[in-house]
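An overview of the molecular structure
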Amino acid sequence: MLGESPSRMLARANIEATPLRLAVVGVMAGAGRALPAGDILALVRRLRPANRVTLYRILDLLVEKGLARRHSAGDRAQRYCLEPGTAGAPHGHAYCVRCGAMQCLPQGAGLADVAALGAGLAMDVLSVEVRIDGVCAACRGHESRPAGAAVDAAPGNS
Ligand SMILES: [Zn+2]
Ligand SMILES: [Zn+2]
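Residues numbered from 1 in each chain as written. Chains lettered and ligands numbered in written order. Predicted model: local features only at pLDDT ≥ 70, side-chain atom pairs only at ≥ 80, totals over all residues.

1. Section: the nonpolar core
Core analysis: the biggest nonpolar cluster contains 21 residues, and Val 24, Met 28, Ile 40, Ala 68 and Tyr 80 have the highest contact counts within it. Here the element with the most residues in this core is helix α2 (residues 19-31); it accounts for 5 residues. The residues contacting Ile 40, other than those within four sequence positions of it, are Val 24, Val 27, Met 28, Leu 35, Leu 55 and Tyr 80. (Core = buried A, V, L, I, M, F, W, Y, C linked by C-beta atoms within 7 Å. Buried ≥ 20, exposed ≤ 12 C-beta atoms within 10 Å, placed from the backbone. Helix = DSSP H or I, 4+ residues; strand = E, 2+ residues; numbered from the N terminus. Contact = placed C-beta atoms within 7 Å.)

See the structure below:
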């Protein structure tokens, strides 16, 4: 995922490079995980002024041109991440149901063999989305702390 500059990625996808598009792709490339549009907007705004409508338009363009993919999770926010140019080998995601973080998994992690799926199903597979739902390490850490005290202290519930 590293090693290709945002301008090269845009060129590869036949998207005209504008400063804002470069910023968006740069932010997404640096994230290493799928981000909700609101998070991307916040990160882009550290670099340059941007409004939400323009950002969504850019994200739509990236998705349409195959440079990015849109991922749905259990909640309402769509996540976006870069799909670095290998249409046959999409990467999967590990989604934390607690904090909503959606980590990009390495490509070729053996989650889905698109070619084999196509042969087994009577259809031409256009895309595969693999999402592993779970509780991330950070959230698991919070959980292992004893949570009983605060609950026991609540009065009037016995
Ligand atoms: Zn989490
Ligand atoms: Zn991803």
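2. Examining the sheet that holds strand β4 (residues 93-96)
Pairing in this open sheet of 6 strands is mixed, and the strands run β2-β3-β1-β5-β4-β6 from one edge to the other. Edge strands, defined here as strands with exactly one partner in the open sheet, are β2 (68-71) and β6 (131-134). Neighbour-to-neighbour, the strand axes of the sheet open up by a mean angle of 30°, direction not taken into account. By the bridge criterion, 2 bridges tie strand β1 (residues 33-36) to strand β3 (residues 79-82) in an arrangement that is antiparallel. Bridge pairing in β3 places Leu 35 opposite Tyr 80. (Pairing = 2+ DSSP bridges. Axes fitted to C-alpha atoms, helices over the stretch in contact; angles between N-to-C directions.)

3. Some thoughts on the UniProt feature "binding site: Zn(2+)" (unreviewed entry) in the protein
Per the UniProt record, "binding site: Zn(2+)" (unreviewed entry) is found at Cys 96, Cys 99, Cys 136 and Cys 139. Spanning 44 residues, the annotated positions come together in the fold, the maximum distance between their C-alpha atoms being 8.3 Å. Here Cys 96 shows up in strand β4. If we ignore the near neighbours within four places in the chain, the residues touching Cys 96 are Ala 101, Gly 134, Val 135, Cys 136 and Cys 139. Residue position: Cys 139 is located in helix α6 (residues 137-144). Cys 139 gets classed as partly exposed once you count the C-beta atoms within 10 Å, which come to 15. In contact with Cys 139, other than residues within four places in its own chain, are Cys 96, Arg 98 and Cys 99. (UniProt positions renumbered as here; feature names shortened; annotations may be inferred.)

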